[in-house]
Amino acid sequence: MEKVTAEALEPRFAFPKGTEIGRIEQFQCVLKIHVADVSGELGCLVTFENPLGFRVVDERNLMEYWPVCSTRVGWLFRVLSGGWLDQERTRRGSLLLDMYPDVKEYLIAGINDCVSVFSAEMPKLSAYQR
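None of these values were measured; they are calculated from a predicted model.

Regarding the sheet that holds strand β4 (residues 42-49)
Thinking step 1. The four strands are arranged β2-β3-β4-β9 in an open sheet whose pairing can be described as antiparallel. The open sheet has two edge strands with one neighbour each: β2 (19-27) and β9 (124-129). On average, each strand axis in the sheet is inclined to that of its neighbour by 20°, with strand direction left out of account.

Points about the environment of Pro11
Thinking step 1. In this fold, Pro11 is placed in the loop between β1 (5-8) and β2.
Thinking step 2. Through-space distance from the C-alpha of Pro11 to that of Glu64 is 23 Å; in sequence the pair is 53 residues apart.

Here's the deal with the pattern of salt bridges
Any two side chains of opposite charge can pair, given that their charged atoms come close.
Thinking step 1. Summed over all chains, the structure comprises five salt bridges.
Thinking step 2. With a closest N to O distance of 2.7 Å, Arg89 and Asp86 form a salt bridge. Of this pair, Arg89 and Asp86 both sit in helix α1 (residues 84-90), three residues apart, which is roughly one turn of that helix.
Thinking step 3. Owing to a relative accessible area of 15%, Asp86 belongs among the buried residues under this scheme.

The rules behind each value
Residues numbered from 1 in each chain as written. Predicted model: local features only at pLDDT ≥ 70, side-chain atom pairs only at ≥ 80, totals over all residues. Heavy atoms only, no water. Pairing = 2+ DSSP bridges. Helix = DSSP H or I, 4+ residues; strand = E, 2+ residues; numbered from the N terminus. Axes fitted to C-alpha atoms, helices over the stretch in contact; angles between N-to-C directions. Salt bridge = Lys/Arg side-chain N within 4 Å of Asp/Glu carboxyl O. Buried < 20%, exposed > 50% of the residue type's maximum accessible area, 1.4 Å probe, protein only.

The following block contains the structure:
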């Protein structure tokens, strides 16, 4: 498997003590992921329109992503190579890249759970406070 390469995407929402996935909602063609700082006070709502797939995985089961996608680097990443999307490229039975050649992989890193998302569109971000 190829080494994971990624770029951090969102410097305007800084969470210096780390992030946690607070809630995930999927309704019709919209995926909303509530990301909060570890105190749970400040957060960012990450919205994907028409996601093509997502998974929630405990961070300890994503060792190949670290340290490139660790919370000390950021919390929202576009995975450029070596991640879940590359696994789908070689998986028999996957038509994802044939049907959606513009699909990209995004990773939201939390201190416990992480969310990987396949989407052809960039996520939309908005701030929230509890």
